[in-house]
Amino acid sequence: NRSRLLASLDASTMVTSLPLSLLAPVYSFVSSHRLSLAAFPFSATAALRLTAWLYPTVSSAVHHCTPLYAGLTLLAVVLVLYIRSTRVRAVYLVDYACFRPPAALRVPLSKYIEHTGLAPCFDDKSVGFQSRLIERSGFGEETCLPPACHVIPPEKTLKAARAEAEQGIFSAVDAVLAKTGVGAEDIGVVVVNCTLFAPTPSMADMVVRRYGLRSDVRCFSLSGMGCSAGIAGIGLAENILQCDSRCTYALVVSTEILTSDYYSGNERAMLLQNCLFRMGASAVLLSTSRARARHAQYRLARVVRTHAGHDDRAYGCVQQEDDAAGERGIALSKDVMPVAGDTLKAHMTTLGPLVLPASELLAYALSLARRRLLLMAGQKDSSKPRVPDFRMAFEHFCIHAGGRAVIDELQRGLGLSDKQVEPSRMALHRFGNTSSSSTWYELAYLEAKCRVRKGDRVWMVGFGSGFKCNSAVWVCIRSPVPLDSGPWEGCMHRYPVAAVQRD
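Conventions and cut-offs
As a convention, each chain's residues are numbered from 1 in the sequence order in which they are written. Selection of residues for local features in this predicted model requires a pLDDT of at least 70, selection of side-chain atom pairs for listing and counting requires 80 or more, and totals for whole chains, interfaces and linings are taken over all residues. Remark: hydrogens and water are excluded; side-chain values derive from all non-hydrogen atoms of the structure. Only Phe, Tyr and Trp rings take part, Trp by its six-membered ring, and two of them pair if their centres are within 6.5 Å. Stacked means planes under 30 degrees apart, edge-to-face means over 60, and tilted covers everything else. A ring has a charge above it when a Lys NZ or an Arg CZ is no more than 6 Å from the ring centre and no more than 35 degrees off the ring normal. The buried label applies to any residue whose accessible area, calculated with a 1.4 Å probe on protein chains only, is under 20% of its type's maximum; exposed applies above 50%, and partly exposed to all values in between. Where helices and strands are cited, they refer to DSSP runs of H or I of at least four residues and of E of at least two residues respectively, numbered from the N terminus. Note on contacts: a residue pair qualifies if any of its non-hydrogen atoms lie within 4.5 Å across the two residues. UniProt positions are given in the numbering used here, feature names are shortened, and annotations may be inferred rather than shown by experiment. The pLDDT value expresses, per residue, how confident the predictor is, ranging between 0 and 100. Axes, fitted as lines to C-alpha atoms, cover a helix only where it is in contact. Angles between the N-to-C directions of the axes lie from 0 to 180 degrees. Each angle receives one of four descriptions, namely roughly parallel if under 35 degrees, roughly antiparallel if over 145, roughly perpendicular if within 65 to 115, and oblique otherwise. Put simply, a crossing is left-handed when the front helix is turned counterclockwise from the back one by less than a right angle, and right-handed when it is turned clockwise. Each residue receives one of three labels: charged for Asp, Glu, Lys and Arg, nonpolar for Ala, Val, Leu, Ile, Met, Phe, Trp, Tyr, Cys and Pro, and polar for the others, Gly being one of them. Two joining distances apply to patches: 9 Å for like charges and 5 Å for nonpolar side chains (Val, Leu, Ile, Met, Phe, Trp, Tyr), and every residue must have over 30% relative accessible area and no salt bridge. Calculation of accessible area relied on Shrake-Rupley with a 1.4 Å probe; when residues are assessed, cover is drawn exclusively from the protein chains displayed. Salt bridge, as used here: a side-chain nitrogen of Lys or Arg that lies within 4 Å of a carboxyl oxygen of Asp or Glu. Within this scheme the basic residues Lys and Arg register as positive and the acidic residues Asp and Glu register as negative, but His and the chain ends are omitted. One atom stands in for each charge, and that atom is NZ of Lys, CZ of Arg, CG of Asp or CD of Glu. By the convention used here, strands pair only if DSSP detects at least 2 bridges between them.

What follows is about the packing of aromatic side chains. For the structure shown, the criterion picks out 14 aromatic pairs. Ring pairs connect the aromatic residues Phe-431, Tyr-441, Tyr-445, Trp-488 and Tyr-495, which therefore count as one cluster. Over the face of the ring belonging to Tyr-96 we find Lys-179, whose NZ or CZ atom lies 5.6 Å from the ring centre. Just above the ring of Tyr-211 sits the side chain of Arg-210; from NZ or CZ to the centre is 5.7 Å.

Moving on, we get to helix H17 (residues 422-431). Note: α-helices contain 3.6 residues per turn, so residues at a spacing of three or four share the same orientation. Counting buried positions over the 10 residues of H17 gives 10, a clear majority of the element. Taken together, the buried positions of H17 are occupied by Glu-422, Pro-423, Ser-424, Arg-425, Met-426, Ala-427, Leu-428, His-429, Arg-430 and Phe-431. Where the residues of H17 are buried, they touch strand E9 (396-399), helix H16 (404-414) and helix H18 (438-448). Phi turns positive one or two residues past the end of H17, at Gly-432, with a value near 80 degrees.

The subject of this paragraph is the UniProt feature "transmembrane region" (unreviewed entry) in the chain. Under the present numbering, the feature "transmembrane region" (unreviewed entry) in UniProt falls on residues 12-30, 61-83 and 219-237. For residues 219-237, the end-to-end C-alpha separation is 10 Å, with 47% helix and 21% strand making up the annotated structure.

Take the confidence of the model for the chain next. Summarising the model, the chain shows a mean pLDDT of 85, and 80% of its residues fall at 70 or more. Segment residues 1-18 is flagged for pLDDT under 50; beyond a separation of four residues in sequence, or across chains, it makes zero contacts in the model.

Here the focus is the packing of helix H8 (residues 158-180) against helix H9 (residues 203-211). For the pair H8 and H9, the least separation of the axes is 11 Å and the interaxial angle reads 55 degrees. It follows that H8 is oblique to H9 by the angle criterion. At the point where H8 passes H9, the crossing takes the right-handed sense. Where H8 abuts H9, its residues Arg-162, Ala-165, Glu-166, Ile-169, Phe-170, Val-173, Asp-174 and Leu-177 lie against Met-203, Met-206, Val-207, Arg-210 and Tyr-211. Taken together, the residues of the contact of H8 with H9 break down into nine nonpolar, no polar and four charged.

A cis amide bond links Thr-200 to the next residue, Pro-201, at an omega of -5 degrees. You can see Pro-201 is positioned in the loop between strand E2 (187-193) and H9. Non-glycine residue Ser-435 carries a positive phi angle of around 65 degrees. Turning to its location among the elements, Ser-435 is positioned in the loop between H17 and H18. Taking relative accessible area as the criterion, Ser-435 reaches 1% and is therefore assigned buried. Phi at Cys-450 takes a positive value of approximately 55 degrees, unusual for a residue other than glycine.

A separate point is a positive patch on the surface. Together, Lys-125, Arg-132, Arg-136 and Arg-268 make up a region of like positive charge exposed at the surface. With respect to the helices and strands, the residue Lys-125 is situated in helix H7 (residues 124-135). Look at Lys-125 and you get exposed, because its relative accessible area is 67%.

Moving on, we get to the sheet that holds E2. Taking strand neighbours across the sheet as the criterion, the nine strands line up as E3-E2-E4-E5-E1-E6-E11-E10-E9 in an open arrangement whose pairing is mixed. Two strands lie at the open edges of the sheet, namely strand E3 (218-222) and E9, each paired on one side alone. Across the sheet, the axes of successive neighbouring strands diverge by a mean angle of 20 degrees, strand direction being ignored. In terms of strand pairing, strand E10 (residues 457-464) meets strand E11 (residues 468-476) through eight bridges, oriented antiparallel. Directly across from Val-458, in E11, lies its bridge partner Trp-474. Contacting E2, E3, strand E4 (249-255), strand E5 (281-287), strand E6 (298-307), E10 and E11, helix H10 (residues 229-243) crosses the sheet at an angle of about 170 degrees to E4. The strands that helix H14 (residues 336-355) touches are E6, E10 and E11; relative to E6, the one it contacts most, it runs at about 135 degrees.

Set out below in structure tokens:
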């Protein structure tokens, strides 16, 4: 008994030690060919009967196989019923909308610098630091700040923060409901994400009250998750839609409220948030309805999330804290970029086997095997390690517009062209860093430029505090024909702006 127990433990240890990435191709094959696998018993039965009809000499032998026919038929019925009961319902992007702040709230660079100089909370060094930072930010002259931030000193009240939230969220939700014609009574899931502002009642409750959603609606408010929370919200909504057949539509809202957390101190690590973040919000409507699938533009292929919170450096590189004077803000350490690079590498290790073609996976595996063999032989490989080419997996890239440094590093690391990162740079120039909603402004840019075609794959990737790297893969199932340019209406003809491509 002891030997059997030890053997079973060894076997379980071997199974659990297998990397999940090796099982991904098997799972992908089975899920993609589940109907063919279920139809195999029927095909085998038909083949046997056809053989008996064509060759009467074996008819007597086939006649004795009647129990086999019955067994195969029963097996086929069981397989079909099992597959139907466990089938994962596809999630479709019905439509989305982005909030476009009014022109009265725009903050030209000169106005921001002047406003900072007049604010009594900043000393001369802080004013100079913010001036240099904003001039190199990659922002244009039309980024916007909430009304409370136009006041000197800023009005950091709960009332002003709620007003900012209602303006952005309700505008985006109104737009997406008007575009889709979906009634409030049809929405079964509401997910609202905002990192810094977490009022009571929650912002998800604000949406329920405003639109009179039904009493059994499932509401979630995500906070403190950083700029990757939008994709996490998509993944949460996907799981609920696939598990609960009563929920057909899910509304996912992404925003960032700047009023209540405007930093009024002089710590350089905390002043970055004032310079980088701007107003923005998006509302996304997802559905598992087959009727809606005929009109949807995208199908959600997969959501992949990577969390590096087990590492102290990653956990503390983006932290909300009080400075020495008691002013609260978001401190960004110098480890942000190295941590983002390490987390992205771990994320790509998980994502790669799920999206890369077999030829690229084989080439990467051979390159890795070659390096290991040379290492075992005591020789050094002078060539650079092969990096999987993700351009073979996606046609379009929506990289979170967290700043010029983030976009530059991802472009360099993934070997992307200027045109492939153009949506991120232009969204940063026109709207600034709108946190978790930025990827939707980038998708709107691609659609306004009529670059997305049926069959194209779009990769959305974002980074967040904690430290997290989340990504969503969308497959275009119907070429978008935008009736307008969405948030880019009235300014699309001015883009791309060549001056900020690679400054």
